[in-house]
Amino acid sequence: MLKNYLISVWRYVSRNKTFTAINLSGLIIGMTAFLLIIQFVIHELSYDKFWTGSEKIFRVQLDRYNKGEISTRWASGCAGIGPDLKANFPEVQYYVRMRSSNALLSYGDTFFKEENVYYASQDFFKVFGYTLLAGADSNALKGPNKIILSRSMAKKYFGEDDPLGKTMRNNGQVEYLVTGIFEDLPESSHMKIDALLSFATYTKLIGRNDESELTQWQWDGFYTYIRLNQYADAKALEAKLPDYVEKREGEELKRWEAGMVFHLQPVSDIHLDSDFIGEFKPNGSRDTTYFLLIVAVLTIIIAWINYINLSTAKSIERAREVGVRKVMGSFRTQLVHQFLMESLLFNTLAVAAAIGAVVMLTPWFSELTGRVLDFALFKQAAFWLWTIVLIVAGALLSGLYPALILSGYKPVEVLKGRFKNTGQGVLFRKGMVVAQFVASIALIVGTFTVYQQINFMRSQKLGVNIDQTVVMRSPNIVDSTYTHKFEAFKHRITQFPEVSFVSASSSVPGEQPGWNAGGIRRLSQREDEANQYRVVMMDHDFIPSYGLEVLAGRAFSGEMPNETKSVLLNESAVKVMGFEKMEDALNDQIHFWGDTFKIVGVLKDYRQESLKKSFDQLVFRYNSAPSGFYSIRFNASNVKESMAKFEQDWKALFPGNPFNYFFLDEHYNKQYKADQQFGTVFGIFSALAIFIACLGLFGLSSLTAIQRTKEIGVRKVLGASVQSILTLVSRDYLVLMGVAILLATPLTWWIMNSWLQEFANRIPLAWWIFALPSLLVILVALLTVSIHTLRAARTNPVAALRYE
C-alpha cells in the first residue's frame, strides 16, 4: 500500500512540476526561516541554565527610591545585603559578593588591560555549583592575594605551562598567587568573567581587616548572588525583605525620604529581563525574543496556509482522479491516507531541505544576530523531537483539510463533469488568504516601525560632538607624578597640527556615568530635600572638546584659583534642585558629601546616553587630571599615522600600561547595536514571509485563471475588454486585501505601541506607517494576480471555449 501511495505521489508531481515547485518552495523557505529563528530563541532562553541547580540561584537586585520615585536600579547593589541575608534568613544557604576590578594583569613581561576581572568572596563555587579544572574549590578564593583564571586566560599569560602556584601582579603593585583554573564560561551566561580575585584582597586594599566589616547599605556597586536551600520559596523570601529593610534601615531612610526595595532575580531570567546599572554585559530582551518568535510562527503558518490554499484550489483538477479511484473501490479513509501521505512527504522533504539550509546559513545568522550559534541546537535530543513534531504537525495542519475535501467528492457528479467548488471551500480559501495578508501587513508595519525608531534615534541632535574623537582609558599603573605626566602627555599631543583638544574625564558620552551620588542639595534646603545625581569629573578642556553649550555662567577654567570647589549643572539638574531660572543657580552653593561647592555655570542638556533614556541630572566637578578617560579630538585624515604618534608618547610617559583606545562615534553607536540587529533580522524574515505569501498568491491566481478560462472566453466574445476582465478578477482580491487591512491595523498598532513603550524618546505611530505597508501589499498582490489574469484575458476566446 505504501508503495502505491509513493507511486501515486510521484506521478502527481511529474504531471504538476510548476505547482509542486511553488508549493514545496513555500514550505522550504518557511521552515528554514522558522528553524533559524527558533535556533536563536532557544539560545536566548537557555542563558544561565547550565549552572548546577540554577533554579535555586538568584541575584539580589536593588531599587533605590527618592521621594517615592525610583532613582536608581542596580544590578550591583549595596555591599552589606549578602551577609545580612545569610545571617538572618535560614532559606539562604550560600552567598557570594562580587565587585569589578580595574585590572591590568601581568606575568613577567606579559601584561594586558583586562575588562572582565572581578573580586569574589570564597563561596563563589558553592553558589554557582561550578567546579575548578585545577585547584581546590573551597580554598581557591579564601584569604587575600589569590587569583583564579579561566582556561583561555591561563593560556594567554602562561602558554602551555602550569600556572598553579605562580605569582601575577595587578596594576603593577599587588601580587596574587594563582590558586585555580576554571573552564571558560559559555556564551550563554549573563556574566563574562576571565579571572576572579579573592574578595579579602579588596577589603584589605580599602583598609578593612575582614570581609565581615563591609556591611554598608549605602554603598553600591557590589553584585550579590545567593543560593537557596532545596525547600526555600524565593517569592516567600522576597516578601519578607521589606520588613527587614524597615527594621534595619527604616529610620535612616525616612530621614532622607528614601527607600530601598530588593528583588530576587532568578539567574536564568537575567539575560532577558534585566537592564540595570552595572550589568556584566549588554543583555538581551524578552520582548525582542518573543517578537522574533511571533515572526517565526507567522512565517510557518503562512507557508502551511499556502499549501492548504493551493491544494484545495487544485482540487478541481484532481476531482476526476478521486472519482475514478472511488469507482474502482477505494474507500474514503484510503484516499485520506493517500493525500496525508503526500502532505507528509512534502513536509518531510521541506524540513530536510530546511535543515540543510540552516546548516549553511547559521554562520551568517550568527553574525547577523550577534550571538554565537554553534549548531548546539542540533546536538539536543529535544530539537530532533520537535523536528518530528514539526513534520507531523505540518502534515496534519496543511494536509488534513485538503485530504478531507478531495476524498469527499461524489464519483457520479465528478465523472459527469458537474463538479464545482463548494461555497464553503471558496470561503475557507478566502479566509486563508486574508489570514496570510493580515500577517504580512503586520510584519511590514513592524519592520517600518523598527527602522523608523532606530533612524529617529540616530538622526537626533545629541548636543555633544562625538566625531573625530579617539578615547583612551587612563593608565592603571601610576605614581605620585601622575598629574605632571598627564600634563606632559597633553602638551605633547596638542603640539601635533591635526590635534585640536585633549581632555580628561571620569566618563565619556555613550555610557552611564559610574558615580551616582545621593544626598546632594542646596545649602538652603533641608536634608530630606536632597536628591541623587550622576557626577562627572572633567578638566577645563572637556567642554570645548565636546562642543557642549554653556547656557548660563561660565565653563571650568584652568586659570581660576580654587576651581576644585566649583561645579556645573546641566538643565535637568537645575530643575531637580528647584531653581526657577538657570540664572538663579549661579553662585548658589550645594552640599555634596560633607563639602560645599559653588555653582558657576549651567550646561545645556546633552545625550550622555542613547535616546532610549531620558536626560539624566548631571553634576560636573573640576579636576585637572581625573582618572577614567583621555579624549583626543583630531583631524582624522590620516588615522594610522596619528595613532602611531599618540602611542609613542603614551609609551614614553606611561610605561607598563597598554595603549588601548576606541573611536567615540563607534562606541556611542554600540548602544543601538541590539536594536539595529533586531531591525535587520525582523526585516529580513518579514520579507521572506511576504515572499512566501506572494508565492502562494501567484500559484492561487494561476489556478483561478485556469479555472475561469471558459468564463473569460465567454466575456470576451460578448465584448468585454482586457481591462474590464482584469478589474473583475482583481476586485475579489481587493476585497480580501481590504478585510486584511481592517484586521491588521488595530492589531499592529497595539503590538508596536507596546514595543515603543521601552523608549524614552519615540516616534509617533503616524497614519502613513500603516498606510504605506497596506498600499505595498495591495500593489504586490495586484501585480501577482495580474500576471496570470492578463495572460488568460489575452488568449484567443475560441481557444478558451474549446478548452472544456
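Read on for an overview of the structure. Note that the coordinates shown come from a computational prediction; the quantities given were computed from them, not determined experimentally.

Its location among the elements puts Lys281 in the loop between α8 (270–273) and α9 (286–313). When the C-alpha atoms of Lys281 and Ser189 are compared, they prove to be 9.8 Å apart, with 92 residues separating the residues in sequence. Apart from the residues lying within four places of it in its own chain, the contact partners of Lys281 are Glu187, Ser189, His190, Met191 and Lys192.

Right, let's get into the pairing of strand β24 (residues 629–634). Of all six residues making up β24, six are buried, and the element is well covered by its neighbours. Along β24, one buried face is formed by Phe629, Ser631 and Arg633 and the opposite face, lined by Tyr630, Ile632 and Phe634, is buried too. Of the strand pairs in this sheet, strand β15 (residues 469–473) and β24 are connected by five bridges, and their pairing is antiparallel. Directly across from Val471, in β24, lies its bridge partner Ser631. Relative to β24, strand β16 (residues 499–505) runs antiparallel, the two being bridged by six bridges.

What follows is about the packing of aromatic side chains. Scanning all chains against the criterion turns up 45 aromatic pairs. A centroid spacing of 5.5 Å and a plane angle of 55° characterise the contact between Phe556 and Tyr622, whose relative ring orientation is tilted. On the criterion of sequence distance, the pair formed by Phe556 in the loop between β19 (550–553) and β20 (566–570) and Tyr622 in strand β23 (residues 618–622) is long-range, its members being 66 residues apart. Classification of Tyr622 as buried rests on a relative accessible area of 9%. Relative to Phe663, the ring of Tyr661 has its centre 5.9 Å away and its plane inclined at 80°; by these criteria the two rings are edge-to-face.

Among the surface-exposed residues, Met360, Leu361 and Trp364 lie close enough to one another that they form a single nonpolar patch of about 320 Å² accessible area. Along the chain, Leu361 falls in helix α11 (residues 332–369).

What counts, and at which threshold
Residues numbered from 1 in each chain as written. Predicted model: local features only at pLDDT ≥ 70, side-chain atom pairs only at ≥ 80, totals over all residues. Heavy atoms only, no water. Helix = DSSP H or I, 4+ residues; strand = E, 2+ residues; numbered from the N terminus. Contact = heavy atoms within 4.5 Å. Buried < 20%, exposed > 50% of the residue type's maximum accessible area, 1.4 Å probe, protein only. Pairing = 2+ DSSP bridges. Phe/Tyr/Trp six-rings, centres within 6.5 Å; stacked < 30°, edge-to-face > 60°. Patch = residues over 30% accessible without salt bridge, like charges linked within 9 Å, V, L, I, M, F, W, Y side chains within 5 Å. Areas by Shrake-Rupley, 256 points an atom, 1.4 Å probe, with all protein chains shown as cover. Salt bridge = Lys/Arg side-chain N within 4 Å of Asp/Glu carboxyl O.

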